[in-house]
Each structure stands twice: as structure tokens, then as C-alpha cells.
Amino acid sequence: GALGGMDTARSLQAFVPPMIVENLEQWANEAVSGQGLSRYIALNRLARSGDALRSTDAIDRKLSQLCIDSLITAYENSGPTEQAWILLLLSTEPGRSSPFQAILDQGQRSDNDLVRVAYLFQHADAPDGNAVPTAIRDGSPVVHRCAEAMRDFLSLPPAESPSGP
């Protein structure tokens, strides 16, 4: 599809082209100054790349920082609907510091219900972590109800694997 997704029977798989210099530079530019579909494709690819954007032998520190800064700038310059979308796409690993911590912090503290709920649903990972109790205590009625639902969901015991035939 246009955003790099491939429909399957049970899930949506996002195809991200190789993280080579030319692609990363293009995505960083499009995320900040692109228009329409090309901008959304770039936001999708940078957000889904997540921790892979940390500088490595294949990605130098300057280019890595350009990509991270571009997504943060795009987030800050976006309206609530786009900010929520970016938060839902943003790939992070629990227990690891994220190169996109600035986006996560802004999402958690947002005054917009849609942004706060998107943050909770994608990034809250423990019923007693900071995000859920804060949203229950300080959130609007909508955020409060969603945070309670997340707390209850995160408190469930892990699902057991179905037994084989």
C-alpha cells in the first residue's frame, strides 16, 4: 500500500525500506517539510524505525540525530490527531531509554485527550508505572476512564499459549 503496509489475513505488516543514508535523509526531510502522503510515509518510517535509529556502524551519529530531531520537530509542529498517530506508530522497547523520549514525555503530559489516550494505549507497560496512575489522578474524565481500563488490562495475568492438537 501507499504507506508501506501489506494486508494479511490476521495483521498489518509495515514494510520499511532499508535504512541506508539516502532513505534516512529523505525521510528526515519529508517528515519536517513534506506535504500530504509523502510526509505521512516519512513519519511512519521514522517512527517505526525506533531504536534502529541509534547510531551504529551503518548509521553515523549526525545522521541518526538528524532523523531523531526531524521526528521530534514534526511531532511538535503537528496537531493533536497527527501527534496521536505518531505516538501509536512510535516503536519503543520497554525498559530501554528511547531516542524519542521527548515525544513520549510530551505525549504523557499532553492536555489533549486523544494524545493522552494514544500514549497510554501504546506506551503504558505497567499498571503501577508512572503513566497510568498519573492519568487516573490528573486526567480528564475520558483519560481517567481509559487509564482505569489500561490499569485493569495490564493487571491481567499473562495469557496462556493455546495447547496444540
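Residues numbered from 1 in each chain as written. Predicted model: local features only at pLDDT ≥ 70, side-chain atom pairs only at ≥ 80, totals over all residues. Heavy atoms only, no water.

1. Brief notes about the overall build of the protein chain
For step 1, the next point in the chain: Looking only at helices and strands, the protein chain has eight helices and two strands in total.
For step 2, the next point in the chain: For the protein chain, the succession of helices and strands along the chain, N to C, is β-β-α-α-α-α-α-α-α-α.
For step 3, the next point in the chain: Per-residue burial for the protein chain yields a buried fraction of 39% across its 165 residues. (Helix = DSSP H or I, 4+ residues; strand = E, 2+ residues; numbered from the N terminus. Buried < 20%, exposed > 50% of the residue type's maximum accessible area, 1.4 Å probe, protein only.)

2. Focus: the nonpolar core
For step 1, the next point in the chain: Counting residues in each nonpolar core, the largest one holds 38 residues, and the members touching the most others are Leu-71, Leu-87, Phe-100, Ile-103 and Leu-120.
For step 2, the next point in the chain: Secondary structure elements with two or more residues in this core: helix H1 (21–33), helix H2 (36–49), helix H3 (61–76), helix H4 (80–89), helix H5 (101–109), helix H6 (113–123), helix H7 (131–138) and helix H8 (141–154).
For step 3, the next point in the chain: By residue number, the principal contributor to this core is H3, which donates seven residues.
For step 4, the next point in the chain: Excluding its chain neighbours within four sequence positions, the residues that come into contact with Ile-103 are Leu-71, Ile-72, Tyr-75, Leu-87 and Leu-90. (Core = buried A, V, L, I, M, F, W, Y, C linked by side-chain atoms within 4.5 Å. Contact = heavy atoms within 4.5 Å.)

3. Observations concerning the packing of H2 against H3
For step 1, the next point in the chain: It is the contact of H2 with H3, at a shortest axis distance of 10 Å, that shows an interaxial angle of 125°. Our classification of the angle between H2 and H3 gives oblique. The two elements H2 and H3 cross, and the hand of that crossing is left-handed. Contacts from Arg-39, Leu-43, Leu-46 and Ala-47 in H2 reach Cys-67, Leu-71 and Ala-74 in H3.
For step 2, the next point in the chain: Residue classes in the contact of H2 with H3 are distributed as six nonpolar, no polar and one charged. (Axes fitted to C-alpha atoms, helices over the stretch in contact; angles between N-to-C directions. Parallel < 35°, antiparallel > 145°, perpendicular 65-115°, else oblique. Left-handed = near helix turned anticlockwise from the far one by under 90°. Nonpolar A, V, L, I, M, F, W, Y, C, P; charged D, E, K, R; others polar.)

4. A word on the side chain of Ser-110
For step 1, the next point in the chain: Looking at where Ser-110 falls in the secondary structure, it is placed in the loop between H5 and H6.
For step 2, the next point in the chain: We classify Ser-110 as buried; its relative accessible area is 14%.
For step 3, the next point in the chain: Residues in contact with Ser-110, not counting those within four places in the same chain, are Val-115 and Arg-116.

5. Digging into H3
For step 1, the next point in the chain: Across its 16 residues, H3 extends 22 Å between first and last C-alpha, which sits within 8% of the 22 Å expected from 1.5 Å per residue.
For step 2, the next point in the chain: Looking at the buried positions of H3, the neighbouring elements they touch are H1, H2, H4, H5 and H6.
For step 3, the next point in the chain: Backbone nitrogen of Lys-62 and a side-chain oxygen of the N-cap are separated by 3.3 Å at the start of H3; the cap is Asp-60. (Expected span 1.5 Å × (residues − 1). Polar contact = N/O pair within 3.5 Å; in protein donor to acceptor, adjacent residues only side chain to side chain.)

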